[in-house]
Amino acid sequence: MGGALVKGWYAASAQGCHVEEDDTLQLTVTARSQSTLDRMRSACPGISTSLSNTSALTSADVVVLAVKPWLIQQVIQEIASALDARPRLVCSVAAGVSATNLQQLFHQSDAAVEHAYFYCMPNIGAEFQASMTFLSPASGTSPADLARVESLFSLVGRTQVVDDHLMGPGMMMAGCGIAYVMRFVRAQMEAGVEMGFYPRQALDIALQTMEGATALLRATGEHPEAAIDRVTTPGGVTIKGLNELDHAGFNSAVIRCLKAGLH
Ligand SMILES: NC(=O)c1ccc[n+]([C@@H]2O[C@H](COP(=O)([O-])OP(=O)(O)OC[C@H]3O[C@@H](n4cnc5c(N)ncnc54)[C@H](OP(=O)(O)O)[C@@H]3O)[C@@H](O)[C@H]2O)c1
C-alpha cells in the first residue's frame, strides 16, 4: 500500500501538483530491505530512500506509516523520539489502528511533542491517482492540519473525512471493494467469451462499460436506478437481464459481501 501511495504521489509531483500552494512534494521512502528500496527507485527515479526510519524523517513534515498493523507499535517506539523536534502530521494506513490508538502509542513512547494523528484508509488505486481514501483525524485536530492531509491524499484520488466507526465499512467498500469489482469484471468477461468475444476484447468491453457508467453517474449525479430507467426499454432486453440478476440474488449477495468483513 505504501508503494502504491508513493507511486501516486510521485506521479502527482511529476504533474506539478502541490499539497498546498508552493508546497512541493519531496518523498523519502523507507523499508526493511534494500531490494524494496531499489524497486521503488526504479519505479520513481530520483526519489530519496533510506533503510533508517529515524534519519528519513528528520526533515519530514508528514510521516506516513504503512507497515502491517502489528508492526505499528514497534515503529512508533523507534521513531517517537526522533520526531520530538516539532509537531508533524502522522498518518497511518494500518487497518484497525485508529487515530486515538496512534496518539496513545506515541504517548506510551514518551513522545515530548503532540503531533496531529490521522487514520487513513486508501486503496491500491492510489498508484494510478484513483484511490478512494477515508480519513479519520484524532479529536482536537486543527482544521488546517486536516485540510493539509486531505490535500495530500487528494493528489492520489478522492477523499472522505469520516467518523472512526465508518473506517471499517469504508475499507470494505473501497479497499476490499477493488477485489469485488474485479470479480464483476471477470463475470462479465466470462459471459463475453461464452458469447463469442476473445478475452482481451471482453476485458476491454467490460472496462469501457464500467467507465461509461461511472462517467454518467459522476456527470449527472443521478441515482443508479434513474440511470437504469434511461437504458431500460419496457419489454426490452435490458429488463430481462436485470430481472435475472434479481432472481439470482445479486443485490443481496453484494450487500452480504460488503458486510462480511465486519463480523
Ligand atoms: N493492501 C491494501 O490494499 C491496503 C489498503 C489499505 C491499507 N492497507 C494497510 O497497509 C499496511 C501495509 O500493508 P501491505 O499489504 O502494503 O504490506 P506489505 O506488502 O508487507 O508492505 C509493508 C512494507 O513495510 C515495510 N516495513 C516493514 N517493517 C518496516 C520497518 N520497521 N520500517 C520501515 N519499513 C518497514 C516493508 O519493507 P520490506 O519490503 O523491505 O520488507 C514493506 O515494504 C497494512 O497495515 C494494511 O492494513 C493495505
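Structure's up top.
What counts as what
Residues numbered from 1 in each chain as written. Predicted model: local features only at pLDDT ≥ 70, side-chain atom pairs only at ≥ 80, totals over all residues. Heavy atoms only, no water. Near = heavy atom within 4 Å. Polar contact = N/O pair within 3.5 Å; in protein donor to acceptor, adjacent residues only side chain to side chain. Areas by Shrake-Rupley, 256 points an atom, 1.4 Å probe, with all protein chains shown as cover. Nonpolar A, V, L, I, M, F, W, Y, C, P; charged D, E, K, R; others polar. Helix = DSSP H or I, 4+ residues; strand = E, 2+ residues; numbered from the N terminus. Expected span 1.5 Å × (residues − 1). Buried < 20%, exposed > 50% of the residue type's maximum accessible area, 1.4 Å probe, protein only. Arc of directions from axis to C-beta. Contact = heavy atoms within 4.5 Å.

Near the ligand lie 19 residues; those nearest to it are Met1, Ser33, Thr36, Val67 and Ala95. A distance of 2.9 Å separates an oxygen atom of the ligand from a polar backbone atom of Ala95. In the complex, the protein chains occlude 72% of the 910 Å² of accessible area that the ligand would expose alone. Among the residues making up the shell around the ligand, the classes are represented as 13 nonpolar, four polar and two charged.

Further remarks concern helix α8 (residues 177-194). Here α8 spans 26 Å end to end across 18 residues, near enough to the 26 Å set by a 1.5 Å rise per residue. Among all positions of α8, only Gly177, Val185 and Gly192 are buried. Relative to the axis of α8, the buried residues are bounded by an arc of 80° and lie together on one face. Facing away from the buried side of α8 by over 90 degrees, the exposed positions are Met182, Arg183 and Glu194. For α8, the secondary structure elements touched by its buried residues are α7 (167-175) and α9 (199-220). Looking one or two residues beyond α8, the residue adopting positive phi is Gly196, at roughly 120°.

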